[in-house]
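This is what each chain is made of:
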Amino acid sequence: MGRCHSLCLSLLIAYLIGLSFADIPKEAGLYLPGDDVVVISGDDFYSHLADKEHAWIIEFYNTWCGHCINFAPTYKKFAQSIKGWSRVISVGAVDCSQPKNTDVCRKYGIESYPQMILFPPHSTDKNTGLRLFGTREFGGLLENVVDFVSNRTRFQAPASWPRLQPMATIEEIWSEASPKHQHVVLIFEDRNSITGREIILDTMDQTHILVRRLLKESVTKYGITQFPSLYSLKKDGVYKKLAVGVGGENDRASFVGVIKERFGINVNEGEEDGAGIGEEADNKNKNDKDNEELPAPATNIVGVHMQDLESALTYAFRQEIAIHKSMNQEALSALKTFVVVLAKYSPVRKPISSFLWKVADWLNGVNTELSGEQWSNHIDTLQTKDSFLPDAVIWTGCHGSKLKYRGYPCSMWTLFHTLTVSSYLANKHTVPHNPQEVLLAIRGYMKNFFGCAECSKNFYKMAVTLEKEVKQSQDAVLWLWSAHNKANKRLHGQPSEDPLFPKIQFPSQTTCPKCHKAGSTNTHPIWDKDEVLNFMVHMYREENIRHDVSKKPTDQGTNNHILEGERTSRVTEELDWWEKQQRKQDLHKIQELRSKKKKSLEERFVKRESTDPRLHRRGAKKTIILKAREDVGSQVRKKRWKSTD
């Protein structure tokens, strides 16, 4: 019983030590297998690409990024639409918000989301792939993928890929047709059309049918005048018109439907009635964790929580900044400014504040380009017992009803508001003072480091004129409040909006009646800005922040998002960085103690063996039984020696 008790204690200590920033579940993210998108991580990234005859299109995204959330349905529709092309190309996704994926996201220079990269067959870690810029629409994705695959078939395509290049003459078809091909189908189309290539890919696994394409300029001499058009060709050379398209996305589904009806094929096996080919199919993935509702937070949402502020810093430092492959001089300058503002005005606990000043001092001496890896490694060396950055990322006031909602963006808005209020309170009577100091630092961070590309662009667009608009300390508080409401108005009703926490014009009439003038409504507010300033200062000032870090919540309590997923805080009643270091040192001391005791016992046995004549008798059989009975706290060892002839 004593040994079991000791073992259990050791395992518990090891488990507690293992509860760190990277020790988190795998389920979080915008995609699951039912979406036909392969979820790829940094651990298995190259195993998916290496020695494969098919190409890949991989989206690098971030779970909390609103633009990524809005794009996810399109990417799922796209993946379902081409899942029958898996012999040629597969669809994958990497969640860059997960720490284990930081290295691979950094390697490919993913600094804003979402980004898509096309990788050719047999890719290795030396392949940089083809980056797709500005491609967010379903049709644009299809066109880019079809063109990419077509270009590969022209030069270096695997033998298993179908021919996608157009034939020069109809006669060429007979050099490819074989006895197994019961039907031959031709598609006549314009040079810029992708319909023919789509249908060749859709039907490539149908061994009894051969589909090929010819361009308009090659077939007008045969009397073909409608494009795109679908024809069947018999072995005697007679061709028959089957369908004529209208030159849009629906031509693919229309032509495939005709081929299926005429020749009895099952395009994209596993899809009922060809659902997903050129049309939006109904995704009935009932167990999508992305849509799983989380327990409601046991907190009044109107309030500022220290846990959210410190989690924002942890995620920004360990993920958003760390993911950068390289920071140029502009980004480095923005980072220096932002960290100084954080150190001056963040109302965080003393160890975190001390850590921020250490980082600011270190950055002040950095004059060359800095990589995210160098940043990540160095900030760890700055941590001590009295100066550290928490490991855990836990949302309290920024808790969302689902994993993808709120979280980090909410916490950054909260952090930004506390910075403007802290600066206002510290400097409202200081002359001279730059009232734009905090906002300029925020603008620099948003431009160079905030991962959601669309969010960053929209914020920067609002902030271009802030130098003209902000003249006094209180102006900064009100400018950020107004910018936040503009963002709420723009995002209201979007897929990224949490339905349980709708984006309203804040504060509401219920929250702050004095902030609204007569005739004001929640949808069309008429603000009393003096009262709004008073409200914002009261809400975000240091004295009113809820110091709930490491407190154990109630049974209905907050969900803990430790970057990649959720874990009940009952398991992660969080240890600070230094506490974890102490636990590691304690475990190391225990291991050293055991090693010394084992060595001491061995030395005593060797000494006794050399002095006890009974142990030197000829033919003596020696049995040594060591029984260690460890009682927690005392670790008492009893030894029994037995020697028999």
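I will try to describe carefully the structure that is included in this document. The residue count restarts for each chain, going from 1 along the sequence in the order it is written. Given that this is a predicted model, residues contribute local features only at a pLDDT of at least 70 and side-chain atom pairs are listed and counted only at 80 or more, while totals for whole chains, interfaces and linings are drawn from all residues. Hydrogen atoms and water are omitted, and side-chain values are computed over all heavy atoms in the structure.

### Quick word on the pattern of salt bridges
By convention in these notes, a salt bridge is any Lys or Arg side-chain nitrogen within 4 Å of a carboxyl oxygen on Asp or Glu. Applying the stated criterion across every chain, the model contains 20 salt bridges. Where Asp35 meets Lys76, a salt bridge forms, and the shortest distance between an N and an O atom there is 3.9 Å. Separated by 41 residues along the polypeptide, Asp35 in the loop between helix H1 (2–18) and strand S1 (38–40) and Lys76 in helix H3 (residues 66–81) bring together distant segments of the chain. Like Lys76, Asp35 is buried. Each of the salt bridges in this network shares a partner with another, and the network as a whole consists of Arg163, Glu172, Glu176 and Arg212. Helix numbering and strand numbering both begin at the N terminus, where a helix is a DSSP run of H or I of at least 4 residues and a strand a DSSP run of E of at least 2. Accessibility here uses a 1.4 Å probe with only protein chains present; expressed as a share of the type maximum, an area under 20% marks a residue as buried, one over 50% as exposed, and anything in between as partly exposed.

### So, the packing of helix H14 (residues 408–427) against helix H15 (residues 437–448)
Note on geometry: axes are lines fitted to C-alpha atoms, helical ones only across the stretch in contact, with angles between N-to-C directions running from 0 to 180 degrees. Relative orientation of the contacting elements H14 and H15 amounts to 155°, with a least axis distance of 10 Å. One way to sum up the angle between H14 and H15 is to call them roughly antiparallel. Note on packing geometry: the crossing formed by H14 with H15 is right-handed. Contacts between H14 and H15 involve Tyr408, Met412, Phe416, Leu419, Thr420 and Ser423 from the former and Val438, Leu439, Ile442, Tyr445 and Met446 from the latter. In these notes the angle categories are as follows: under 35 degrees is roughly parallel, over 145 is roughly antiparallel, 65 to 115 is roughly perpendicular, and the rest is oblique. Here a crossing is called left-handed whenever its near helix is offset anticlockwise from the far helix by less than a right angle, and right-handed whenever the offset is clockwise. By definition in these notes, contact holds between two residues if any of their heavy atoms fall within 4.5 Å.

### Focus on the packing of aromatic side chains
Geometry of an aromatic ring pair is reported as the spacing of the ring centres plus the angle between the planes. Aromatic rings from Phe, Tyr and Trp, taking only the six-membered ring of Trp, are treated as a pair when their centres fall within 6.5 Å; an angle between ring planes under 30 degrees marks them as stacked, one over 60 as edge-to-face, and anything in between as tilted. Scanning the entire structure with this criterion turns up 27 aromatic pairs. Ring geometry for Phe338 and Tyr445: centres 4.4 Å apart, planes at 25°, overall stacked. Within this pair, whereas Phe338 is found in helix H11 (residues 329–345), its partner Tyr445 is found in helix H15, the two being separated by 107 residues in sequence. In this pair, the class of Phe338 matches that of Tyr445, namely buried.

### A word on the sheet that holds strand S7 (residues 209–215)
The strand order across the open sheet built from four strands is S7-S6-S8-S9, with neighbouring strands paired in mixed fashion. Only two strands of the sheet have a single partner each, and these edge strands are S7 and strand S9 (239–244). Across the sheet, the mean angle from the axis of one strand to that of its neighbour is 25°, orientation sign disregarded. Pairing of strand S6 (residues 183–189) with S7, which is carried by seven bridges, proceeds in the parallel orientation. Bridging across to S7, Glu189 finds its partner in Leu215. The strands touched by helix H7 (residues 195–202) within the sheet are S6 and S7, with S7 carrying the most contacts at an inclination of about 165°. Paired strands, as defined in this entry, are two strands with at least two bridges between them according to DSSP.

### Observations concerning unusual backbone geometry
Omega for the peptide link from Tyr113 to Pro114 comes to -10°, which places this bond in the cis form. Note that Pro114 resides in the loop between helix H4 (102–107) and strand S4 (115–119). At the junction of Phe227 and Pro228, the peptide bond is cis and its omega measures out at -10° in the coordinates. Counting through the fold element by element, Pro228 comes out in the loop between helix H8 (216–219) and strand S8 (229–233). At Asp36, a residue that is not glycine, the phi angle is positive and equals roughly 65°. You can see Asp36 is positioned in the loop between H1 and S1. We classify Asp36 as partly exposed; its relative accessible area is 25%.

### Examining the packing of helix H18 (residues 473–491) against helix H19 (residues 529–540)
In the contact formed by H18 and H19, the axes pass within 10 Å of each other and the chain directions differ by 90°. The angle between the axes of H18 and H19 places the two elements in the roughly perpendicular class. Of H19, the residues touching H18 (which contributes Gln474, Val477, Leu478 and Trp481) are Lys529, Val532, Leu533 and Met536. All residues other than Ala, Val, Leu, Ile, Met, Phe, Trp, Tyr, Cys, Pro, Asp, Glu, Lys and Arg, Gly among them, are scored as polar; the first ten of these are nonpolar and the last four charged. When the residues that make up the contact of H18 with H19 are grouped by side-chain class, the tally is six nonpolar, one polar and one charged.

### Regarding the side chain of His484
Topologically, His484 is positioned in helix H18. With a relative accessible area of 18%, His484 lands in the buried category.

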